[in-house]
Amino acid sequence: MTLLAFTGNRFLADETLRETLTARGLAPRELPRLGGEDVTAEGLGPHLSPGLFGDGGVIVDFEGVKPDKALLELLAGAAVTVAVLDEAPPATRLKLYEKAGEVIASPTPSRPGDVTGWVVGRAKKQKLALDRAAAAYLAEVFGADLAGIAGELNKLTLLDGPLGREEVARVVGREPPGDSFAMLGAATAGRPGEALTQLRRLLASGEDPFRLMGAVVWQYSLIARCVALLQEEGRVTEAAAATRLGIKPYPAKKALEVARRLNESRIRGHLTRILDADLAMKRGQDAGAALERLIIQLSV
């Protein structure tokens, strides 16, 4: 009868699925929902024909499932409403959905700025007086976990008055995760306190010190190459740096931000300190303490 494919962020797609079915006169909670090993022709067959009272429906979750053409054609030819939850279908499957029914796409915010924008929009819909700094805090501590953020927003609706970052942080009670590029950026800008805070957050979140040192080595190798590019060419765009270094735009942008504060002499000194810290850790010295000393040294 109708094939509806819901794509995009899983939480948002599932939410949109329920809203869409409700608007069409169906009760999502009362419909059979099949996923995983149950998504077979045999398992779906009994649910694809209308009941005694007319149109029925079924919800099919494709998470972890690779449906073949025969199964997709079975769903497309069903005599009831079929709602498919398919977060990121390949182009061939998407084309089939469009031909057989309707694709209802939800956004997929993952970068901090995109998640912050989504939080702002959702807070407005809930008539929640949440400022952008508070929205950014939620994006920092939850990342792309939109379901977790939605749960916190529901709790915040119980509070009165405008909600800033500090008020929301007290309610949520979570520290933002550390950011290794932010740590190095603060260190090279001469802000050791901020750099140490980032390091301690990374360690507190379970980051392995040796793995973190590996990240520092990798990031500083990018920074050193960016310093060389800046000396050679004067001005370098993020896109040009990404192309020259063979990396994605985001790490190129972050490496350039740090590199612009350095010169050849300073970067050589930093690389020597990083090597010394790496050797100290491998020789059995306290890894956390060695990293803290290194971050302080990079800040002077």
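About the criteria used
- Counting restarts for each chain: residues are numbered from 1 in the order of the written sequence.
- At least 70 in pLDDT is required for a residue's local features to be given in this predicted model, at least 80 for side-chain atom pairs to be given and counted, and no such filter applies to totals for whole chains, interfaces and linings, which use all residues.
- Side-chain descriptors were evaluated using all non-hydrogen atoms of the structure, hydrogens and water having been removed beforehand.
- UniProt positions are given in the numbering used here, feature names are shortened, and annotations may be inferred rather than shown by experiment.
- Put simply, DSSP marks the helices as runs of H or I at least four residues long and the strands as runs of E at least two long, and each gets a number from the N terminus on.
- The reference for a compact globule is 2.2 Å times residues^0.38; the radius of gyration itself is calculated from the C-alpha atoms.
- Relative accessibility thresholds used throughout: buried, under 20% of the residue-type maximum; exposed, over 50%; partly exposed, between the two (1.4 Å probe, protein chains only).
- The contact rule is simple, with two residues in contact once any of their heavy atoms fall within 4.5 Å.
- Computed with a 1.4 Å probe, the accessible areas rest on the Shrake-Rupley method; for each residue, only the protein chains presented here act as cover.
- The definition of a nonpolar core used throughout is a set of buried Ala, Val, Leu, Ile, Met, Phe, Trp, Tyr and Cys residues joined through side-chain atoms within 4.5 Å.
- We define a salt bridge as a side-chain nitrogen of Lys or Arg found within 4 Å of a carboxyl oxygen belonging to Asp or Glu.
- When DSSP finds two or more bridges between two strands, those strands count as paired.
- Lines are fitted to the C-alpha atoms to define the axes, a helix being fitted only along its stretch in contact, and any angle between axes, read from their N-to-C directions, falls within 0 to 180 degrees.
- What sets the label is the angle itself: under 35 degrees gives roughly parallel, over 145 gives roughly antiparallel, 65 to 115 gives roughly perpendicular, and the rest give oblique.
- Helix crossings are classified by the rotation of the near helix relative to the far one: an anticlockwise turn of less than a right angle makes the crossing left-handed, while a clockwise turn makes it right-handed.
- The classification used treats Ala, Val, Leu, Ile, Met, Phe, Trp, Tyr, Cys and Pro as nonpolar, Asp, Glu, Lys and Arg as charged, and all other residues, Gly among them, as polar.

Going by an unreviewed UniProt entry, the chain carries the name DNA-directed DNA polymerase and comes from Deinococcus petrolearius. UniProt, in the comment section headed Catalytic activity (unreviewed entry), describes the chain in these words: "DNA(n) + a 2'-deoxyribonucleoside 5'-triphosphate = DNA(n+1) + diphosphate". According to the UniProt record, the Sequence similarities (unreviewed entry) comment for the chain is "Belongs to the DNA polymerase HolA subunit family."

K.L.:
Describe in detail the overall build of the chain, supporting the description with residues and values.
P.N.:
The number of helices and strands found in the chain is 15 helices and five strands. Relative to the compact-globule value of 19 Å for 300 residues, the chain shows a C-alpha radius of gyration of 26 Å, a clear excess of over 25%. Its C-alpha atoms give the chain principal-axis dimensions of about 80 × 50 × 40 Å. Each of the 300 residues in the chain was classed as buried or not, and the buried ones make up 42%. For the chain, contacts bridging at least 24 residues in sequence account for 70% of all contacts bridging at least 6. Within the structure as shown, the chain displays about 16,100 Å² of accessible surface, and the carbon and sulfur contribution to it stands at 52%.

K.L.:
Run through the environment of Ala 133, naming residues and quoting values.
P.N.:
Within the fold, Ala 133 resides in helix 6 (residues 132–142). Residues Ala 133 and Ala 195 lie 62 residues apart in sequence; the distance between their C-alpha atoms is 21 Å.

K.L.:
Break down the nonpolar core for me, with residues and values.
P.N.:
Taken as a class, soluble globular proteins show a tendency for nonpolar side chains to be buried jointly. Ranked by internal contacts, the top residues of the largest apolar core, which has 40 residues, are Met 183, Leu 184, Met 213, Val 216, Tyr 220, Ile 223 and Ile 295. Of all the secondary-structure elements, those providing two or more residues to this core are helix 9 (180–188), helix 10 (192–204), helix 11 (209–233), helix 12 (238–245), helix 13 (249–259), helix 14 (264–282) and helix 15 (287–298). With 11 residues, helix 11 is the single largest residue contributor to this core. Contact partners of Ile 295, with chain neighbours within four places excluded, come to Met 183, Leu 184, Ala 187, Ala 195, Leu 196 and Leu 199. If you look at the next biggest cluster of nonpolar residues, it comprises 22 residues, including Ala 123, Ala 134, Val 141 and Leu 146.

K.L.:
Account for the pattern of salt bridges, with residues named and values stated.
P.N.:
Counting across every chain of the model gives 17 salt bridges. The residue Arg 18 makes a salt bridge to Asp 14 at a minimum N-O spacing of 3.7 Å. With Arg 18 and Asp 14 both in helix 1 (residues 10–23) and four residues apart, the pair spans about one turn of that helix. A residue is classified by how much of its surface remains accessible, and Asp 14, at 15% relative accessible area, is buried. Where Glu 152 meets Lys 155, a salt bridge forms, and the shortest distance between an N and an O atom there is 3.2 Å.

K.L.:
Would you mind going over the sheet that holds strand 1 (residues 2–7) in detail, with residue names and values included?
P.N.:
Pairing within the open sheet is parallel, and its five strands lie in the order 2-3-4-1-5. Of all strands in the sheet, those bounded by a partner on one side alone are strand 2 (33–35) and strand 5 (102–105). Between one strand axis and the next, the sheet turns by 20° as a mean value, whatever way the strands run. Pairing between strand 1 and strand 5: four bridges, direction parallel.

K.L.:
Talk me through the environment of Tyr 97; I want residue IDs and the actual numbers.
P.N.:
Checked against the element boundaries, Tyr 97 lands in helix 4 (residues 91–100). For the pair formed by Tyr 97 and Ala 76, sequence separation is 21 residues and the distance between their alpha carbons is 7.9 Å. Those residues within four positions of Tyr 97 in sequence are excluded, and the remaining contacts are Leu 3, Ala 5, Phe 62, Leu 72, Val 84, Asp 86, Pro 89, Glu 102 and Val 103.

K.L.:
Break down the packing of helix 10 against helix 15 for me, citing the residues and quoting the values.
P.N.:
At their nearest, the axes of helix 10 and helix 15 sit 10 Å apart, and the two run at 155° to each other. If you check the angle between helix 10 and helix 15, you find them roughly antiparallel. The handedness of the crossing between helix 10 and helix 15 is right-handed. In contact with Ala 195, Leu 196, Leu 199, Arg 200 and Leu 203 of helix 10, helix 15 contributes Gly 288, Leu 291, Glu 292, Ile 295 and Ile 296. Residues of the contact of helix 10 with helix 15, tallied by class, amount to seven nonpolar, one polar and two charged.

K.L.:
Hey, could you go over helix 9 for me, with residue numbers and the actual values?
P.N.:
Structural remark: α-helix, 3.6 residues per turn; residues separated by three or four positions point the same way. Counted residue by residue, helix 9 has eight buried out of nine residues, so it is predominantly covered. Of the positions making up helix 9, those classed as buried are Ser 180, Phe 181, Met 183, Leu 184, Gly 185, Ala 186, Ala 187 and Thr 188. Each element contacted by the buried residues of helix 9 is listed here: helix 10, helix 11, helix 13, helix 14 and helix 15. Gly 190 sits one or two residues past helix 9 and shows a positive phi near 80°.

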